[in-house]
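Descriptive structure summary
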Amino acid sequence: METAKKKWNKQKVLKTISNYLLITLGCFLLAFGDVAFLVPLNLVTGGVASVGVIVQWLIAQSGSTLQIVDIVTWALQVILLIVSFIFLGKKFTLHTLFASIVYPLFFTLLYRFHLCDFVSKQLVSVPGEPDALAKTLLAGIFAGAFVGGGVAVTYFGDGSTGGFDVISVIIARHSSIKEALSAFFIDGSLIVIGMFCMKDIPVGLIGILSALVCALMVQYCYVNANSYIIADIVSKNYEEIMDYVHKHMEHATTVIDATGGYTGSDRKILRVAFNKRELYDFRNFIGQADPEAFVTFTQASMINGEGFDPLVRKARVIESQKENNKVEDGK
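What you see is a predicted model; the values in this text were computed from it and never measured. Within each chain, residue numbers correspond to sequence positions counted from 1 in written order. With the structure being a predicted model, the display of local features is reserved for residues of pLDDT at least 70 and the display and counting of side-chain atom pairs for 80 or more, all residues being used for whole-chain, interface and lining totals. With hydrogens and water excluded, all non-hydrogen atoms of the structure serve as input to the side-chain values.

1. Examining the side chain of Asp70
Here is the rule: Only runs of H or I of at least four residues qualify as helices and only runs of E of at least two qualify as strands under DSSP, and these elements are numbered from the N terminus. Burial status follows relative accessibility: with a 1.4 Å probe on protein chains alone, a residue under 20% of its type maximum counts as buried, one over 50% as exposed, and anything between as partly exposed. Any N or O atom pair separated by 3.5 Å or less is treated as a polar contact, with the protein-specific requirement of one donor-capable and one acceptor-capable atom, and with residues adjacent in sequence counted only for side-chain atom pairs. Contacts are residue-level and defined by heavy atoms, with any inter-residue pair within 4.5 Å sufficient.
Within the secondary structure, Asp70 is located in helix H3 (residues 69-112). Judged by its relative accessible area of 4%, Asp70 falls in the buried class. At a separation of 2.8 Å, a polar atom in the side chain of Asp70 contacts the side chain of Arg112. Among all residues touching Asp70, those that are not within four sequence positions of it are Phe107, Thr108, Tyr111 and Arg112.

2. A few points about the sheet that holds strand S4 (residues 294-300)
What counts, and what does not: Here, a strand pair is defined by DSSP locating no fewer than two bridges between the strands. A fitted line through C-alpha atoms represents every axis, and for helices the fit uses only the stretch in contact; the resulting angles, taken between N-to-C directions, go from 0 to 180 degrees.
Read across the sheet, four strands follow the order S2-S3-S1-S4 without closing on themselves; strand pairing throughout is antiparallel. Each edge of the open sheet carries a strand with a single partner, namely strand S2 (253-259) and S4. Taken over all neighbouring pairs, the strand axes of this sheet differ in orientation by 20 degrees on average, direction set aside. As paired elements, S2 and strand S3 (residues 266-275) share seven bridges and run antiparallel to each other. Looking at S3, one finds that Val255 is bridged to Leu270. Packing of helix H9 (residues 238-249) onto the sheet brings it into contact with strand S1 (228-234), S2 and S3, and relative to S3 it is tilted by some 20 degrees. Those strands touched by helix H10 (residues 279-289) are S1, S3 and S4, and its axis lies near 155 degrees from that of S3.

3. A short note on helix H5 (residues 132-156)
Each α-helix turn comprises 3.6 residues. Residues three or four places apart therefore point the same way. Worth spelling out the cut-off: To estimate how far a helix should reach, multiply one less than its number of residues by 1.5 Å.
Over its 25 residues, H5 extends 36 Å from the first C-alpha to the last, a length consistent with the 36 Å expected when each residue adds 1.5 Å. Looking one or two residues past H5, Asp158 carries a phi angle of roughly 60 degrees, positive in sign.

4. Things to note about the confidence of the model for the protein
Detailed conclusions should not be drawn from predicted coordinates in areas where pLDDT is low. What counts, and what does not: The predictor attaches a confidence to each residue, and that confidence, scored 0 to 100, is pLDDT.
In this model, the protein carries an average pLDDT of 86, and 88% of its residues clear a pLDDT of 70 or more. Element-level pLDDT for the protein is lowest in helix H11 (residues 312-330), with a mean of 45, against a maximum mean of 94 in helix H2 (residues 48-61). Long-range and interchain partners of residues 313-331, a stretch whose pLDDT sits below 50, account for three contacts in this model, where long-range means more than four residues apart.

5. Observations regarding helix H8 (residues 201-223)
With 23 residues, H8 extends 32 Å between its outermost C-alpha atoms, agreeing within 8% with the 33 Å of an ideal straight helix rising 1.5 Å per residue. What H8 keeps buried is the set Val203, Gly204, Ile206, Gly207, Ser210, Val213, Cys214 and Val218. Regarding H8, its N-cap is Asp200, as a side-chain oxygen of that residue lies 3.4 Å from the backbone nitrogen of Val203 further along.

6. A short note on a nonpolar patch on the surface
In plain terms, the rule: Patch criteria: residues need more than 30% relative accessible area and no salt bridge. Like-charged residues are merged within 9 Å; nonpolar side chains of Val, Leu, Ile, Met, Phe, Trp and Tyr are merged within 5 Å. For every accessible area listed, the method is Shrake-Rupley and the probe measures 1.4 Å; residues are considered covered only by the protein chains on display. Salt bridges are defined as contacts in which a side-chain nitrogen from Lys or Arg sits within 4 Å of a carboxyl oxygen from Asp or Glu.
Judged by side-chain polarity, Leu137, Leu138, Ile141, Phe142, Leu209, Leu212 and Leu216 come together as a nonpolar surface patch covering roughly 590 Å² of accessible area. Taken together, the elements giving at least two residues each to the nonpolar patch come down to H5 and H8. At four residues, H5 tops the list of elements feeding residues into the nonpolar patch. Mapped onto the elements, Ile141 comes out in helix H5. Judged by its relative accessible area of 34%, Ile141 is partly exposed.

7. What about unusual backbone geometry?
At Lys199, a position not held by glycine, the phi torsion is positive, near 55 degrees. Along the chain, the position of Lys199 falls in the loop between helix H7 (179-198) and H8. Unusually for a residue other than glycine, Glu250 sits at a positive phi of about 60 degrees. Following the sequence through the fold, Glu250 ends up in the loop between H9 and S2.

8. Focus on the pattern of salt bridges
Throughout the structure, instances matching the rule amount to four salt bridges. Linking Lys268 and Asp257 is a salt bridge whose minimum nitrogen-to-oxygen distance equals 2.5 Å. Linking Lys268 in strand S3 with Asp257 in strand S2, this pair joins segments that are eleven residues apart in sequence.

9. A few points about the packing of aromatic side chains
For clarity, the cut-off: When two rings of Phe, Tyr or Trp (its six-membered ring) have centres within 6.5 Å they constitute a pair, described as stacked for plane angles under 30 degrees, edge-to-face for angles over 60, and tilted for the intermediate range.
Overall, the coordinates contain twelve aromatic pairs when judged by the stated rule. Both rings, one in Phe28 and one in Phe32, keep their centres 6.3 Å apart while their planes meet at 25 degrees; by these two values the pair is stacked. In this pair, Phe28 and Phe32 are both assigned in helix H1 (residues 2-38), four residues apart and thus about one turn of the helix distant. Between Tyr244 and Phe282, the aromatic rings sit 6.3 Å apart at their centres with planes inclined by 5 degrees, giving stacked as the arrangement. In this pair, Tyr244 is assigned in helix H9 and Phe282 in helix H10, connecting sequence segments 38 residues apart. Residue class for Phe282 comes out buried when judged on its relative accessible area of 0%. Here the aromatic residues Phe28, Phe32, Phe37, Phe106, Phe142 and Phe146 are joined through ring pairs into a cluster of three or more.

10. Considerations on the environment of Ala183
You can see Ala183 is positioned in helix H7. Placed 136 residues apart in sequence, Ala183 and Gly47 show a C-alpha to C-alpha distance of 9.2 Å.

Have a look at this one:
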């Protein structure tokens, strides 16, 4: 028992370190995408950095050379962290705290020390240059790729970049509006404000395209990669397959008693839930263990519970119901 506990603690520590490394990498990619592509070309795609771009552009129009994009980003991240603590509680705030600090820190380092100039100088065009719009379009596409990739990597580390996601979560908790819809509205509003302020429709449309690329990157890199498979296996060697699942895949199994409809013989159905990335190796093993096995694979968009994502939303609902009961009891 003590050895198993030590092993579990070691795995937990390694998992925590891995998560923080992934969050750090994701924040760097996000900051690089912002500083190298969005800020130099005044592209507004949504998020806290876009607010900094709009404010910086307005300051530049007044004739000032003051550079405050990173300062605005820091200020918004801190304000939204405070809002998160007040409305969402300590647990959610701690979940976003690390990324909310590391992301603007990378942003400032890259921005203030001009570490991305080798990229941005190749993309910023002088007025009247024939390929100016093409360069801006290229920057928008790569900005969306880096930002979306950074967000996806952060999600892999079980983290969140914070920012306006806090507002989306608050809206979702106090209304029937889903987080994705409110996030779309917030980002869309920022893009429209940017187009109105800068009076540059082509650049605004490139900002929309960049936001779309970002969403596609998150979908492709994180959502699709984290889809799950449920397999129902009918095999005479189900015990060998079950042993493989337990020892090599480190997943649990369910054994279901069944009766063959045609033969009338007793059967065992082995049910397994696993990540889509494990499908190829698992299917090959089943083929080797029992070439005559009958297997059905069903794709699941989400699996919650032990060994998978925790039932966070369900827990929130239960907590909310308890709070409501307390209020009713108090009355």
